[in-house]
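An overview of the molecular structure
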Amino acid sequence: MNPQLSRRRFIKAVIASSVAAASSTGFHSALAQDRPRGAVERLISLNINGQTRRVDVAPQEMLAHTLRYKLSLTGTKISCNRGECGTCTVLIDGITNYSCSTLTHSVRSRAVQTVEGLQAADGTLHPVQQAFIDELSPQCGFCTPGQVMSAVALLNENPTPTREEARQAMSGNLCRCGAYDHYLNGVMRASGQSS
Amino acid sequence: MNDYKLVGKDFTPPDVMGKVTGKAKYAEDFRVDGMVFARMYTSPMAHGKVTHIDASAAEAMDGVIGILTADDVPAVEAPNGAILTNSPAFIGDPILAVAAVDEKTAEDALAAIKITIEPLPFVTDPLDSLIAGGPDAREEGNVYARSREGSGFRTVKWTKEQIDDFRAGKEPTGEFAAEWKYGDLDKGFADAKVIIEENFVTTGYAHMSMEPRTAMAYWQNGTCYVHGSAQSHTFWMPGLARLLGIETKDLVLISENTGGGFGSKIGAYPIAALPGYFSKKIGRPVQLRVTGEQEYYMGSARVGFQGWIRMGFAENGKATATDVFIIEDIGANATGGDASSAGGAISLVYDPDAMRFRGLPVLTNTTPRGAQRGPGQNQIAAVMAPIMDKAARELGLDPLAVRKINAANNATTVYEEQRGVTSAYLEEALTMGAEMFDWENRRQQPKKNGSKVRGLGIGQGYHSAGATGFDGLIRITPDGKLHIHTGVGNLGTYSFASTSRAAAEVLKCDWENCEIHNGHSEKNLPWNSYQAGSVSTFAHTRTNYVAAMDALRKMKLIAADTMGGEPDDYDIDGQRVFLTENAAQGMSYGAIAARAIQLGGEYSGQTYPDDINEITQRSVQNLAGSGLVGVAKDNLPQEGTIPGLACAFVEIELDLETGKYEILDYVGIAECGTVLFPAGLAQQMKGGAVWGMGMAALERHVYDPQYGLPANVGYHQCGIPTYLDVPSVTRTGAVDIADPQNPFGARGIGEPAMGCSVAALTSAISDALDGHIFGRTPVSPDMIVNHVTGRDQSFLPLQTNNF
């Protein structure tokens, strides 16, 4: 049996996409309904930073929205909100994705990692975060969480990239302050190579 | 060499940790109980009049809380920007806002509102407005001149012949609105061996800060709390209070982190007041989320130039005369002043013996303009560099030598008044840069390799880099800790932290024993300058210096009062005040602070100087009794222009077949007095270099002249430089000679860091093309290919805001 289908039957948390469920009244009445054909389950489980998070997600909702406004993970920033700038970059099963342009429903059963999930339990920073501090990589800092996540993904795949490889890998992340040089210094330092 | 403990040393600014962990909160990251979401309806027309609004369907929708229109906010006199308007003058001008329980409902409600707008004539290129019979961007006129004598609209038209002559490169003969001059211009040109005459265009382009200017507000007991995206902090307070119709004492501004500003968030902008009005109307906290696209529309843009310049040079390369005429594209809200600043920059960087500036600010129905990193100085830097190269070529001189002979120095005089400078060492910067870049050797290398051709360029940047008269406020608490209160905004330059170290330097405090209080009115901040115009370093090392000196004076008084002798008998170190002749006899800073609280009066802030700003006064009142308070207004002597200067050397490899070029090497040298924070300076120089690279080749406004529609509202359409557009390594250095009018010798650098870059690139492009001057930014690959193949360009001479 498809476990997702089973869970769906158990929860019966379904509503039609046109019904707003922002109010608790709407939400609970939705629970009592049978799901119309073709409707999308709204109360879903997400694997965020290794934890299961239950969250009410509208059918058209983007992951950045869910993270920021439903789960209070505001480290993920929204800037262009159209898949251009990389400010909202998160890792989905280890791969960089623009969360502003990723449907939340499409990441069920997948592992989502945000900037909040990088620090160790004892507070130790991820090597990329520490290197970005040591190299004074950020300026205004708004693009920094996205830059951090792209660098983490790169080093997971390629622990000792050349500077040019790093430049290519990071090129999906814009920085209006123009701190590219210092971010690359940070990536190289995090990889154990001198910047 | 100095023996500073902190000045000139690297450190980790306290906000970096939050930036890399995602814990740093920006305006949109805050939520409060009961908060609702507002979205804006913005003008789909370039110019018009709202004649009818039917919001009945929206108001009836579930979840809609309220609607705010121009009738709910103060009317603003044209051409100034309004919070909401019924007379939109550019696409994206905010007309109304809807608040709802969530953003989707607010969006749905906006779609249900019917707005009737009567279209009015519009224009997207100043010359199309200036020509006889051309449309005016405002019903009141097509020119808005601001001056000390008075500001106002007027209608200025040139004949078709005058426009045609201007486009053909001849000296403009039409009416202008501003003029200043110095020296004998005729003599200057008579003394010249070479005279260069060019016309030029620098297209405006959007700031595109990555954090859109989202704001949230609520009221508590008559106080308005605003979470905003502010480039400056306390400098915002009077302007935002004015917009909200309240006193500064009734305003709390929270802006601890700001996702870029670049001049677009210097002072409080109208839309920052919208949530305050909306919250008052509906009785709930309101967050107005501004989208990335709306940030393009209303986040302001650089002023565009269309100009003409004639410049004379003596046989040795010395500039003898400059005559410059600039038409400014000042958008719909008449924000500018760039042209005169450009003239001022010429007078300083190239120091001609005589000069005349004429300017005409023309309104267009394009996005509002605002100061953008080096407003005026950086546009003209791009224009001037190839002109200097052309002069050098015609005189048979090294382009470096022509820069050096004209380089700003301690004797340089500036602007119409020909006032002096605090200090300037641009020649030293050029020498340092040429050495790092290996200019002499590179000039000897072969230029052409198949379709690839190398180009070398030199650029110079300038901006006045200091301000005076602001306040400093510090406090030492009984635990011995130094608290530095700063109203400097946090826009990513780290100046709020680096200038705070000035106080710790004076008081010889360990940096680990210091705490910075910033970004929130309730942290009791002093009246500080705007974070723009490269002023923070100069201005706030001074304010923190005077506050620390005030604290030092008080500490010595307390020591003398407690332990005997005279205040001058005491010295400080190791966070102790002690007798100079017997260091064992002393008091810790903590003990001094405790004694200050006992003594009260000026020692702990019960009294304070009369001349500090009311914002600082309130902060001192709130802090009174909590420690030893050092507070003072910066009344240190200051005379003359405070220059921030920089130069850059660049090598490009240009492909004649594709018109694209790659930047092979870049060296930028800062001349900003004593280096305050080396890593921060490198960041500014490198980030500025990226901005210059964007202006030279990529960034522009594109408007459809038929419908007035902007064609490039996204980052990539705008041409924001990416990792792949700029070199992965840029090299920087600094002259590091102290300025005599700053206690630590420091001046600012943010803007010239960009000007030198764009100038070096326009110079290098010209060099690669055997001296051809496009007289235009950006220079796109198709322009290069058209030139190389002898084809006409796809635009009219002097056309702007075009593809």
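Procedures and definitions
Residues numbered from 1 in each chain as written. Chains lettered and ligands numbered in written order. Predicted model: local features only at pLDDT ≥ 70, side-chain atom pairs only at ≥ 80, totals over all residues. Helix = DSSP H or I, 4+ residues; strand = E, 2+ residues; numbered from the N terminus. Buried ≥ 20, exposed ≤ 12 C-beta atoms within 10 Å, placed from the backbone. Contact = placed C-beta atoms within 7 Å. Rg over C-alpha atoms; globule rule 2.2 N^0.38 Å. Domains from an automatic or database assignment. Nonpolar A, V, L, I, M, F, W, Y, C, P; charged D, E, K, R; others polar. Pairing = 2+ DSSP bridges. Axes fitted to C-alpha atoms, helices over the stretch in contact; angles between N-to-C directions. Parallel < 35°, antiparallel > 145°, perpendicular 65-115°, else oblique. Left-handed = near helix turned anticlockwise from the far one by under 90°.

1. Describing the overall build of chain A
Helices and strands together make up the secondary structure of chain A, namely seven helices and five strands. When the elements of chain A are put in sequence order from the N terminus, they spell out α-α-β-β-α-β-β-β-α-α-α-α. Within chain A, the proportion of its 195 residues that are buried is 49%. Looking at chain A alone, contacts between residues at least 24 apart form 55% of all its contacts between residues at least 6 apart.

2. A short note on the overall build of chain B
Within chain B one finds 23 helices and 29 strands. Whereas a compact globule of 803 residues would reach a radius of gyration of roughly 28 Å, chain B reaches 27 Å, a difference of no more than 12%. Overall, the C-alpha framework of chain B stretches about 85 × 75 × 50 Å when taken along its three principal axes. The proportion of buried residues among the 803 residues of chain B is 62%. Expressed as a percentage of contacts within chain B between residues at least 6 apart in sequence, the contacts between residues at least 24 apart total 79%.

3. Considering the domain arrangement of chain B
Accessible area lost when the parts come together is the quantity often used to give the size of an interface. Residues and elements named next belong to chain B. Partitioning chain B into structural domains gives domain 1 (17-120 + 210-298), domain 2 (375-466 + 640-788) and domain 3 (471-633). Taken over C-alpha atoms, the centre of domain 1 sits 37 Å from the centre of domain 3. If you look at the interface, domain 1 gives 22 residues, while domain 3 gives 22 residues. The class makeup of the residues in the side of domain 1 that touches domain 3 is eight nonpolar, 12 polar and two charged.

4. Here's the deal with unusual backbone geometry
Pro79 of chain B follows Ala78 of chain B through a cis peptide bond whose omega is 5°. Within the fold, Pro79 of chain B resides in the loop between strand S3 (64-69) and strand S4 (94-100). The peptide bond linking Thr777 of chain B to Pro778 of chain B adopts the cis configuration, its omega dihedral lying at -5°. Summarising the element assignment, Pro778 of chain B is placed in the loop between strand S29 (776-777) and helix H23 (781-788). You will see that Asn81 of chain A, though not glycine, has its phi angle at about 60°, which is positive. Assignment of secondary structure puts Asn81 of chain A in the loop between helix H3 (63-70) and strand S3 (89-92). Note on Asn81 of chain A: 20 C-beta atoms within 10 Å, which makes it buried.

5. What about the pairing of strand S22 (residues 570-573) of chain B?
Burial along S22 of chain B is one-sided: the residues Tyr570 and Ile572 of chain B are buried and none of Asp571 and Asp573 of chain B is. Where S22 of chain B folds back onto strand S23 (residues 576-579) of chain B in an antiparallel hairpin, the turn is made up of two residues, including Gly574 of chain B, whose phi is positive at roughly 55°.

6. Examining the domain arrangement of chain A
Residues and elements named next belong to chain A. Under the domain assignment used here, chain A contains domain 1 (3-117) and domain 2 (127-190). Listed per partner, the contact involves 15 residues of domain 1 and 13 residues of domain 2. Of the residues in the side of domain 1 that touches domain 2, the class split is six nonpolar, eight polar and one charged.

7. Thoughts on the interface of chain A and chain B
Tallying the contact residues gives 41 residues for chain A and 48 residues for chain B. Of all the secondary structure elements, the ones that give two or more residues to the side of chain A that touches chain B are helix H4 (127-134), helix H5 (144-157), helix H6 (163-169) and helix H7 (180-190) of chain A. With four residues, H7 of chain A is the largest single contributor of residues to the side of chain A that touches chain B. Taken together, the residues of the side of chain A that touches chain B break down into 20 nonpolar, 13 polar and eight charged.

8. Observations concerning the packing of H4 of chain A against H7 of chain A
Residue and element names in this part refer to chain A. Where H4 meets H7, the axes come as close as 8 Å, and the angle between the chain directions of the two elements is 130°. Accordingly, the angle class assigned to the pair H4 and H7 is oblique. The two elements H4 and H7 cross, and the hand of that crossing is right-handed. Along the contact surface, H4 presents Pro127, Val128, Ala131, Phe132 and Asp134, while H7 presents Gly186, Arg189 and Ala190.

9. So, the sheet that holds strand S1 (residues 43-48) of chain A
Residue and element names in this part refer to chain A. The strand order S2-S1-S5-S3-S4 describes an open sheet built from five strands, whose pairing is mixed. With partners counted over all chains shown, the strands left at the sheet margins are strand S2 (51-56) and strand S4 (95-98), one partner each. Adjacent strand axes in the sheet meet at a mean angle of 40°, parallel and antiparallel pairs treated alike. Note that S1 and strand S5 (residues 111-113) share two bridges and pair parallel. Pairing of Ile48 across the sheet is with Val112, part of S5. Sheet contacts for H5: S3 and S4; angle to S3, the most-contacted strand, approximately 35°.

10. Notes on H4 of chain A
Among the residues of H4 of chain A, Val128, Gln129, Ala131, Phe132 and Ile133 of chain A are the ones counted as buried. Of the surrounding secondary structure, the elements contacted by the buried residues of H4 of chain A are H5 and H7 of chain A together with helix H1 (16-21) of chain B. Leu136 of chain A lies just past H4 of chain A and shows a positive phi near 45°.

11. Focus on the pairing of strand S18 (residues 452-464) of chain B
Residue and element names in this part refer to chain B. The element S18 is largely enclosed, with a buried count of 11 among its 13 residues. Sheet topology note: the strand S17 (residues 448-449)/S18 ladder contains two bridges and is antiparallel. Paired with Asn449 across the two strands is Lys452, which belongs to S18. Between S17 and S18, which pair antiparallel and follow one another directly, the connecting turn spans two residues, one of which, Gly450, has a positive phi of 65°.

12. Some details on the environment of Glu116 of chain A
On the secondary structure map, Glu116 of chain A appears in the loop between S5 and H4. Those residues in contact with Glu116 of chain A, other than ones at most four positions away along the chain, are Asn49, Leu73 and Gly75 of chain A together with Gly22 of chain B.

13. Here we look at the sheet that holds S23 of chain B
Residue and element names in this part refer to chain B. The strand order S22-S23-S24 describes an open sheet built from three strands, whose pairing is antiparallel. The sheet is open, and its two edges are formed by S22 and strand S24 (582-588), each paired on a single side. Neighbouring strand axes in the sheet, compared pairwise and without regard to direction, differ in orientation by 35° on average. Across the sheet, helix H17 (residues 536-563) touches S22, S23 and S24, and the angle it forms with S22 is around 120°. Its contacts with the sheet place helix H18 (residues 589-599) against S23 and S24, and it is angled at close to 50° to S24.

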